[in-house]
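# Structural features, examined
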Amino acid sequence: MFRKSIKKMAAYRPGEQPRPGQRLIKLNTNENPYPPSPRVRRAVAKAMAGSTIRLYPAPRADEFVASASRVYSIPQSMIIAGNGSDELLAMVFRATLGSGDTVAYPIPTYSLYDTLALVQEARILQFPVGADFELPLDGLAQARANLTIVCSPNSPSGTSTPTRSLGALAKRLEGRLLVIDEAYADFADENALGLMRRYRNVVVLRTLSKSYSLAGMRLGLCFAHPAVIDALLKVKDSYNLSRVALAAGAEAIRDSGWMRRNVAKVIRTRALSEARLRKLGFLVPPSQANFVLARMPGRDLAPVTRGLRRAGILVRHFATPLLQDAIRISIGTPAEMAALFKALKPLVRASQSKSKSKSKSKRRIDT
Ligand SMILES: *Cc1c(COP(=O)(O)O)cnc(C)c1O
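The following refers to the structure shown.

## Quick look at the side chain of Glu87
Take Glu87: it is sitting in helix α4 (residues 85-96). Despite its burial, Glu87 pairs with no opposite charge, the nearest such side chain being Arg94 at 5.5 Å. Side-chain polar atoms of Glu87 contact the side chain of Asn240, separated by 3.0 Å. Apart from the residues lying within four places of it in its own chain, the contact partners of Glu87 are Gly82, Asp237 and Asn240.

## Side note on the nonpolar core
Judged by nonpolar contacts, the single largest core of 76 residues is most densely connected at Phe64, Leu221, Phe282, Ile329 and Leu344. Top contributing element to this core by residue count: helix α13 (residues 334-361), with seven residues. Sequence-distant contacts of Leu221, defined by excluding residues within four places in its chain, comprise Phe64, Ala68, Tyr72, Ile79, Ile80, Ala81, Leu88, Val204, Leu205, Arg206, Leu208 and Ile253. Within the second largest apolar cluster, 29 residues are counted, among which are Val103, Ala122, Leu177 and Val203.

## Quick word on the packing of helix α3 (residues 62-72) against helix α10 (residues 243-254)
Direction vectors running N to C along α3 and α10 enclose 15 degrees, while the axes themselves pass 8 Å from each other. Classed by the angle they form, the pair α3 and α10 counts as roughly parallel. Remark: the crossing between α3 and α10 carries left-handed chirality. Packed against α3, whose contacting residues are Glu63, Phe64, Ser67, Ala68, Arg70, Val71 and Tyr72, the element α10 presents Leu246, Ala247, Gly249, Ala250, Ile253 and Arg254 at the interface. Considering only residue class, the contact of α3 with α10 consists of eight nonpolar, two polar and three charged.

## Things to note about empty space enclosed by the protein
Tallied over the full model, the rule gives five cavities of 30 Å³ or more. Of the volumes computed, that of the largest cavity is approximately 90 Å³. Lining the largest cavity we find 14 residues, and of these Val129, Phe133, Cys151, Asn154 and Thr161 sit closest to its centre. Looking at the lining of the largest cavity, its residues break down into seven nonpolar, six polar and one charged. The volume enclosed by the second largest cavity comes to roughly 60 Å³. Around the second largest cavity, the lining residues are Ser152, Pro153, Ser160, Thr161, Thr163, Leu166, Glu182, Ala188, Glu190, Asn191 and Ala192. Looking at side-chain class alone, the lining of the second largest cavity contains four nonpolar, five polar and two charged residues.

Rules used throughout
- Residues numbered from 1 in each chain as written.
- Predicted model: local features only at pLDDT ≥ 70, side-chain atom pairs only at ≥ 80, totals over all residues.
- Heavy atoms only, no water.
- Helix = DSSP H or I, 4+ residues; strand = E, 2+ residues; numbered from the N terminus.
- Buried < 20%, exposed > 50% of the residue type's maximum accessible area, 1.4 Å probe, protein only.
- Lys, Arg positive; Asp, Glu negative; His and termini not counted.
- Salt bridge = Lys/Arg side-chain N within 4 Å of Asp/Glu carboxyl O.
- Polar contact = N/O pair within 3.5 Å; in protein donor to acceptor, adjacent residues only side chain to side chain.
- Contact = heavy atoms within 4.5 Å.
- Core = buried A, V, L, I, M, F, W, Y, C linked by side-chain atoms within 4.5 Å.
- Axes fitted to C-alpha atoms, helices over the stretch in contact; angles between N-to-C directions.
- Parallel < 35°, antiparallel > 145°, perpendicular 65-115°, else oblique.
- Left-handed = near helix turned anticlockwise from the far one by under 90°.
- Nonpolar A, V, L, I, M, F, W, Y, C, P; charged D, E, K, R; others polar.
- 1 Å grid on protein atoms, 1.4 Å probe; cavity = no way out; pocket = protein on both sides within 12 Å on 5 of 7 lines; lining within 4 Å.
- Points joined across faces, edges and corners; volume = space filled by probe spheres on them.

Next comes the structure, spelled out in C-alpha coordinates:
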(Lines give C-alpha, C1' and ligand atoms only; values in the text may rest on other atoms or scores of the structure.)
Protein backbone atom coordinates (compact mmCIF):
# COMPACT_ATOMS: atom_id res chain seq x y z
CA MET A 1 0.00 0.00 0.00
CA PHE A 2 2.94 2.34 0.58
CA ARG A 3 6.15 3.41 -1.10
CA LYS A 4 9.10 1.17 -0.30
CA SER A 5 10.94 4.05 1.38
CA ILE A 6 8.01 4.72 3.72
CA LYS A 7 7.66 1.05 4.66
CA LYS A 8 11.37 0.86 5.50
CA MET A 9 11.70 4.05 7.54
CA ALA A 10 10.99 4.54 11.23
CA ALA A 11 8.59 7.28 12.32
CA TYR A 12 9.87 10.36 14.13
CA ARG A 13 9.61 9.85 17.89
CA PRO A 14 8.46 12.94 19.78
CA GLY A 15 9.15 13.28 23.50
CA GLU A 16 6.42 12.09 25.89
CA GLN A 17 3.42 14.41 26.13
CA PRO A 18 1.49 13.91 29.40
CA ARG A 19 -2.19 13.01 29.25
CA PRO A 20 -4.66 15.66 30.43
CA GLY A 21 -4.66 15.77 34.21
CA GLN A 22 -1.39 13.87 34.53
CA ARG A 23 0.85 15.83 36.90
CA LEU A 24 4.42 15.66 35.72
CA ILE A 25 7.29 18.12 35.73
CA LYS A 26 7.91 18.42 32.03
CA LEU A 27 11.55 19.06 31.15
CA ASN A 28 11.71 16.88 28.03
CA THR A 29 10.63 18.91 24.98
CA ASN A 30 12.03 22.39 25.62
CA GLU A 31 8.77 24.22 26.13
CA ASN A 32 8.86 27.54 27.98
CA PRO A 33 7.89 27.21 31.66
CA TYR A 34 6.29 30.67 31.65
CA PRO A 35 2.97 31.62 30.00
CA PRO A 36 2.71 33.65 26.79
CA SER A 37 1.79 37.34 26.83
CA PRO A 38 -1.74 37.99 28.14
CA ARG A 39 -2.24 40.05 25.00
CA VAL A 40 -2.12 36.76 23.03
CA ARG A 41 -5.15 35.40 24.89
CA ARG A 42 -7.10 38.58 24.09
CA ALA A 43 -6.10 38.37 20.42
CA VAL A 44 -7.26 34.74 20.26
CA ALA A 45 -10.62 35.62 21.84
CA LYS A 46 -11.03 38.42 19.34
CA ALA A 47 -10.24 36.10 16.42
CA MET A 48 -13.07 33.80 17.60
CA ALA A 49 -15.60 36.61 18.16
CA GLY A 50 -18.25 37.25 15.51
CA SER A 51 -18.33 34.74 12.67
CA THR A 52 -15.13 35.34 10.73
CA ILE A 53 -13.93 31.87 11.76
CA ARG A 54 -16.34 30.61 9.03
CA LEU A 55 -13.89 32.02 6.53
CA TYR A 56 -10.56 30.59 5.43
CA PRO A 57 -7.51 32.35 6.86
CA ALA A 58 -5.12 34.52 4.84
CA PRO A 59 -3.10 32.08 2.67
CA ARG A 60 0.08 34.10 3.15
CA ALA A 61 -0.47 34.80 6.84
CA ASP A 62 -0.57 38.56 6.16
CA GLU A 63 -1.13 39.88 9.69
CA PHE A 64 1.52 37.62 11.26
CA VAL A 65 4.06 38.22 8.49
CA ALA A 66 3.48 42.00 8.61
CA SER A 67 4.06 41.98 12.35
CA ALA A 68 7.30 39.97 11.92
CA SER A 69 8.37 42.29 9.12
CA ARG A 70 8.08 45.33 11.40
CA VAL A 71 9.75 43.77 14.42
CA TYR A 72 12.69 42.25 12.50
CA SER A 73 12.93 45.04 9.87
CA ILE A 74 12.80 42.50 7.05
CA PRO A 75 10.56 42.99 3.98
CA GLN A 76 7.46 40.80 3.77
CA SER A 77 8.71 39.35 0.48
CA MET A 78 11.47 37.67 2.52
CA ILE A 79 9.22 36.00 5.10
CA ILE A 80 7.01 32.93 5.00
CA ALA A 81 5.01 31.60 7.97
CA GLY A 82 4.65 27.96 8.91
CA ASN A 83 2.54 25.73 11.14
CA GLY A 84 5.50 25.49 13.48
CA SER A 85 9.00 25.56 12.05
CA ASP A 86 8.65 21.79 11.57
CA GLU A 87 6.30 22.56 8.69
CA LEU A 88 8.80 25.04 7.27
CA LEU A 89 11.50 22.36 7.42
CA ALA A 90 9.16 19.97 5.58
CA MET A 91 8.54 22.64 2.94
CA VAL A 92 12.27 23.21 2.45
CA PHE A 93 12.90 19.46 2.10
CA ARG A 94 9.99 19.09 -0.35
CA ALA A 95 11.18 22.01 -2.46
CA THR A 96 14.87 21.05 -2.59
CA LEU A 97 15.20 17.25 -2.42
CA GLY A 98 14.11 14.53 -4.80
CA SER A 99 15.08 10.87 -4.83
CA GLY A 100 18.89 10.51 -4.66
CA ASP A 101 19.60 14.19 -3.91
CA THR A 102 21.88 14.90 -0.97
CA VAL A 103 21.27 16.60 2.35
CA ALA A 104 24.14 17.27 4.77
CA TYR A 105 24.16 18.16 8.46
CA PRO A 106 26.32 17.78 11.54
CA ILE A 107 25.35 15.11 14.08
CA PRO A 108 24.07 14.82 16.72
CA THR A 109 21.25 17.18 15.87
CA TYR A 110 17.47 17.43 15.57
CA SER A 111 16.42 13.95 14.40
CA LEU A 112 13.45 15.24 12.39
CA TYR A 113 15.96 16.03 9.60
CA ASP A 114 16.49 12.26 9.16
CA THR A 115 12.76 11.64 8.96
CA LEU A 116 12.13 14.37 6.41
CA ALA A 117 15.09 13.21 4.29
CA LEU A 118 13.86 9.60 4.26
CA VAL A 119 10.40 10.73 3.12
CA GLN A 120 12.07 12.52 0.18
CA GLU A 121 14.27 9.46 -0.52
CA ALA A 122 17.25 11.81 -0.23
CA ARG A 123 20.78 10.64 0.54
CA ILE A 124 21.79 11.70 4.04
CA LEU A 125 25.36 12.88 4.65
CA GLN A 126 26.06 13.14 8.37
CA PHE A 127 29.17 14.83 9.76
CA PRO A 128 30.02 14.23 13.43
CA VAL A 129 30.74 17.40 15.40
CA GLY A 130 34.09 17.87 17.16
CA ALA A 131 34.83 17.04 20.79
CA ASP A 132 33.49 20.42 21.91
CA PHE A 133 30.52 20.18 19.53
CA GLU A 134 32.20 22.49 17.03
CA LEU A 135 30.92 22.59 13.45
CA PRO A 136 32.53 20.12 10.98
CA LEU A 137 32.91 23.04 8.59
CA ASP A 138 35.21 21.47 5.98
CA GLY A 139 33.14 18.29 5.70
CA LEU A 140 29.92 20.23 5.22
CA ALA A 141 31.47 22.60 2.68
CA GLN A 142 33.16 19.84 0.68
CA ALA A 143 30.05 17.65 0.63
CA ARG A 144 28.38 20.20 -1.71
CA ALA A 145 25.00 18.75 -0.83
CA ASN A 146 21.81 20.01 -2.47
CA LEU A 147 20.76 21.10 1.00
CA THR A 148 22.89 21.78 4.09
CA ILE A 149 21.38 22.31 7.53
CA VAL A 150 22.97 23.67 10.67
CA CYS A 151 20.96 23.89 13.85
CA SER A 152 22.37 26.71 15.98
CA PRO A 153 22.05 26.74 18.94
CA ASN A 154 22.03 23.02 18.33
CA SER A 155 19.74 20.47 19.88
CA PRO A 156 20.56 18.41 21.88
CA SER A 157 23.97 19.94 22.71
CA GLY A 158 22.72 23.50 23.39
CA THR A 159 25.95 24.85 21.90
CA SER A 160 25.94 27.44 19.15
CA THR A 161 28.09 28.01 16.08
CA PRO A 162 29.66 31.47 15.71
CA THR A 163 27.91 33.52 13.01
CA ARG A 164 31.35 34.03 11.45
CA SER A 165 31.71 30.28 10.79
CA LEU A 166 28.18 30.07 9.39
CA GLY A 167 28.97 32.97 7.04
CA ALA A 168 32.13 31.18 5.87
CA LEU A 169 30.08 28.04 5.22
CA ALA A 170 27.41 29.98 3.28
CA LYS A 171 30.11 31.44 1.09
CA ARG A 172 31.82 28.10 0.44
CA LEU A 173 28.51 26.45 -0.48
CA GLU A 174 28.31 28.82 -3.46
CA GLY A 175 24.63 29.03 -4.21
CA ARG A 176 23.61 25.76 -2.56
CA LEU A 177 21.00 26.27 0.11
CA LEU A 178 22.13 26.57 3.75
CA VAL A 179 19.31 26.33 6.28
CA ILE A 180 20.13 27.67 9.73
CA ASP A 181 17.61 26.29 12.22
CA GLU A 182 17.44 28.99 14.90
CA ALA A 183 14.68 27.53 17.05
CA TYR A 184 16.61 28.65 20.15
CA ALA A 185 18.18 31.90 18.89
CA ASP A 186 16.29 34.11 21.38
CA PHE A 187 18.19 32.38 24.21
CA ALA A 188 21.57 32.95 22.50
CA ASP A 189 24.11 35.79 22.39
CA GLU A 190 24.05 36.08 18.59
CA ASN A 191 22.01 35.01 15.57
CA ALA A 192 22.35 34.64 11.81
CA LEU A 193 19.59 36.94 10.51
CA GLY A 194 22.28 39.29 9.19
CA LEU A 195 23.73 36.46 7.06
CA MET A 196 20.35 35.95 5.43
CA ARG A 197 20.51 39.56 4.21
CA ARG A 198 24.06 39.09 2.86
CA TYR A 199 23.81 35.65 1.23
CA ARG A 200 21.03 34.62 -1.14
CA ASN A 201 21.48 30.95 -0.24
CA VAL A 202 20.92 31.38 3.51
CA VAL A 203 17.55 30.45 5.03
CA VAL A 204 16.89 31.23 8.69
CA LEU A 205 14.15 29.37 10.58
CA ARG A 206 12.56 30.61 13.80
CA THR A 207 9.77 29.26 15.97
CA LEU A 208 7.39 30.79 18.50
CA SER A 209 7.27 27.45 20.34
CA LYS A 210 10.18 28.04 22.68
CA SER A 211 10.96 31.67 23.49
CA TYR A 212 7.36 32.89 22.92
CA SER A 213 5.78 30.06 24.98
CA LEU A 214 3.46 29.07 22.10
CA ALA A 215 4.38 25.45 21.31
CA GLY A 216 0.68 24.52 21.34
CA MET A 217 -0.23 27.21 18.80
CA ARG A 218 2.17 25.94 16.08
CA LEU A 219 3.87 29.05 14.67
CA GLY A 220 7.13 29.31 12.78
CA LEU A 221 8.86 31.87 10.58
CA CYS A 222 11.24 31.47 7.68
CA PHE A 223 13.46 34.32 6.48
CA ALA A 224 15.12 34.08 3.06
CA HIS A 225 15.72 35.78 -0.28
CA PRO A 226 12.43 36.45 -2.17
CA ALA A 227 13.35 33.82 -4.80
CA VAL A 228 13.63 31.17 -2.07
CA ILE A 229 10.33 32.30 -0.53
CA ASP A 230 8.63 32.03 -3.94
CA ALA A 231 9.79 28.42 -4.32
CA LEU A 232 8.59 27.52 -0.83
CA LEU A 233 5.18 29.08 -1.52
CA LYS A 234 4.72 26.54 -4.34
CA VAL A 235 4.93 23.58 -1.95
CA LYS A 236 3.01 25.20 0.92
CA ASP A 237 -0.49 24.02 1.88
CA SER A 238 -2.86 26.84 0.91
CA TYR A 239 -4.19 27.63 4.37
CA ASN A 240 -1.43 26.32 6.59
CA LEU A 241 -2.11 28.52 9.63
CA SER A 242 -5.48 28.97 11.31
CA ARG A 243 -7.02 32.39 11.89
CA VAL A 244 -6.58 31.84 15.61
CA ALA A 245 -2.88 31.03 15.26
CA LEU A 246 -2.29 34.01 12.97
CA ALA A 247 -3.87 36.42 15.46
CA ALA A 248 -1.87 34.87 18.32
CA GLY A 249 1.41 35.02 16.41
CA ALA A 250 0.97 38.61 15.30
CA GLU A 251 0.21 39.79 18.84
CA ALA A 252 2.95 37.69 20.47
CA ILE A 253 5.59 39.28 18.25
CA ARG A 254 4.23 42.77 18.87
CA ASP A 255 4.75 42.10 22.59
CA SER A 256 8.29 40.79 22.22
CA GLY A 257 9.22 42.57 25.47
CA TRP A 258 7.17 39.94 27.33
CA MET A 259 9.13 37.19 25.57
CA ARG A 260 12.45 38.82 26.41
CA ARG A 261 11.60 39.04 30.10
CA ASN A 262 10.76 35.30 30.15
CA VAL A 263 13.95 34.51 28.25
CA ALA A 264 15.99 36.48 30.80
CA LYS A 265 14.50 34.37 33.61
CA VAL A 266 15.26 31.14 31.75
CA ILE A 267 18.86 32.23 31.10
CA ARG A 268 19.38 32.96 34.81
CA THR A 269 18.02 29.53 35.78
CA ARG A 270 20.13 27.94 33.03
CA ALA A 271 23.36 29.32 34.53
CA LEU A 272 22.47 28.03 38.00
CA SER A 273 21.44 24.63 36.60
CA GLU A 274 24.65 24.20 34.62
CA ALA A 275 26.69 24.91 37.76
CA ARG A 276 24.68 22.44 39.87
CA LEU A 277 24.93 19.70 37.23
CA ARG A 278 28.70 20.12 37.01
CA LYS A 279 28.90 19.83 40.79
CA LEU A 280 27.08 16.50 40.53
CA GLY A 281 29.79 15.29 38.15
CA PHE A 282 28.12 15.90 34.80
CA LEU A 283 29.90 17.38 31.81
CA VAL A 284 27.74 20.23 30.53
CA PRO A 285 28.63 22.06 27.32
CA PRO A 286 27.87 25.79 27.66
CA SER A 287 24.25 26.18 26.58
CA GLN A 288 22.88 29.00 24.43
CA ALA A 289 19.39 27.47 24.46
CA ASN A 290 16.58 26.81 26.97
CA PHE A 291 17.93 23.36 27.83
CA VAL A 292 21.19 21.76 28.85
CA LEU A 293 22.87 18.51 27.86
CA ALA A 294 24.22 16.70 30.91
CA ARG A 295 26.75 13.97 30.12
CA MET A 296 28.53 11.23 32.03
CA PRO A 297 30.88 9.87 29.37
CA GLY A 298 30.65 6.11 28.98
CA ARG A 299 27.67 5.70 31.31
CA ASP A 300 24.24 4.78 29.99
CA LEU A 301 21.84 7.31 31.51
CA ALA A 302 18.66 5.44 30.56
CA PRO A 303 18.26 4.15 34.15
CA VAL A 304 18.64 7.69 35.52
CA THR A 305 15.98 8.88 33.07
CA ARG A 306 13.63 6.09 34.19
CA GLY A 307 14.30 6.96 37.83
CA LEU A 308 13.36 10.58 37.19
CA ARG A 309 10.21 9.44 35.39
CA ARG A 310 9.21 7.43 38.48
CA ALA A 311 9.70 10.63 40.50
CA GLY A 312 7.32 12.41 38.13
CA ILE A 313 9.97 14.27 36.16
CA LEU A 314 10.33 13.98 32.39
CA VAL A 315 13.71 14.61 30.75
CA ARG A 316 14.90 13.46 27.34
CA HIS A 317 17.22 10.52 26.78
CA PHE A 318 18.23 9.44 23.28
CA ALA A 319 19.08 5.75 22.95
CA THR A 320 21.76 6.26 20.30
CA PRO A 321 25.50 5.48 20.58
CA LEU A 322 26.40 9.21 20.47
CA LEU A 323 23.92 10.24 23.15
CA GLN A 324 23.13 7.37 25.49
CA ASP A 325 25.52 8.80 28.09
CA ALA A 326 23.56 12.08 28.18
CA ILE A 327 20.24 13.52 29.24
CA ARG A 328 18.75 16.67 27.80
CA ILE A 329 17.03 18.77 30.41
CA SER A 330 14.76 21.68 29.51
CA ILE A 331 15.09 24.68 31.81
CA GLY A 332 11.99 24.95 33.98
CA THR A 333 11.02 27.35 36.76
CA PRO A 334 13.38 27.53 39.77
CA ALA A 335 10.90 25.35 41.71
CA GLU A 336 10.84 22.72 38.96
CA MET A 337 14.63 22.66 38.80
CA ALA A 338 14.80 22.28 42.60
CA ALA A 339 12.55 19.21 42.32
CA LEU A 340 14.75 17.85 39.53
CA PHE A 341 17.93 18.15 41.56
CA LYS A 342 16.31 16.61 44.62
CA ALA A 343 15.38 13.53 42.56
CA LEU A 344 18.56 13.49 40.49
CA LYS A 345 21.14 13.47 43.29
CA PRO A 346 20.38 9.98 44.70
CA LEU A 347 19.92 8.55 41.20
CA VAL A 348 23.35 9.75 40.09
CA ARG A 349 24.96 8.22 43.18
CA ALA A 350 23.17 4.91 42.59
CA SER A 351 24.17 4.86 38.95
CA GLN A 352 27.78 5.70 39.84
CA SER A 353 28.14 2.84 42.32
CA LYS A 354 26.30 0.47 39.98
CA SER A 355 28.51 1.23 37.03
CA LYS A 356 31.58 0.71 39.22
CA SER A 357 30.47 -2.76 40.32
CA LYS A 358 29.43 -3.48 36.75
CA SER A 359 32.88 -2.85 35.39
CA LYS A 360 34.45 -4.92 38.19
CA SER A 361 32.26 -7.98 37.85
CA LYS A 362 31.58 -7.58 34.13
CA ARG A 363 28.01 -8.62 34.86
CA ARG A 364 24.97 -6.86 33.45
CA ILE A 365 23.09 -5.44 36.37
CA ASP A 366 20.65 -3.21 34.64
CA THR A 367 18.77 -4.39 31.58
C1 LIG B 1 11.52 22.78 18.59
C2 LIG B 1 12.34 22.74 17.38
C3 LIG B 1 11.80 22.97 16.11
C4 LIG B 1 10.33 22.97 15.84
O5 LIG B 1 9.64 23.95 16.33
P6 LIG B 1 8.09 24.04 16.02
O7 LIG B 1 7.95 25.44 15.59
O8 LIG B 1 7.42 23.73 17.30
O9 LIG B 1 7.72 23.08 14.93
C10 LIG B 1 12.64 23.03 15.03
N11 LIG B 1 13.95 22.83 15.16
C12 LIG B 1 14.50 22.55 16.35
C13 LIG B 1 15.95 22.31 16.44
C14 LIG B 1 13.70 22.50 17.48
O15 LIG B 1 14.24 22.18 18.65
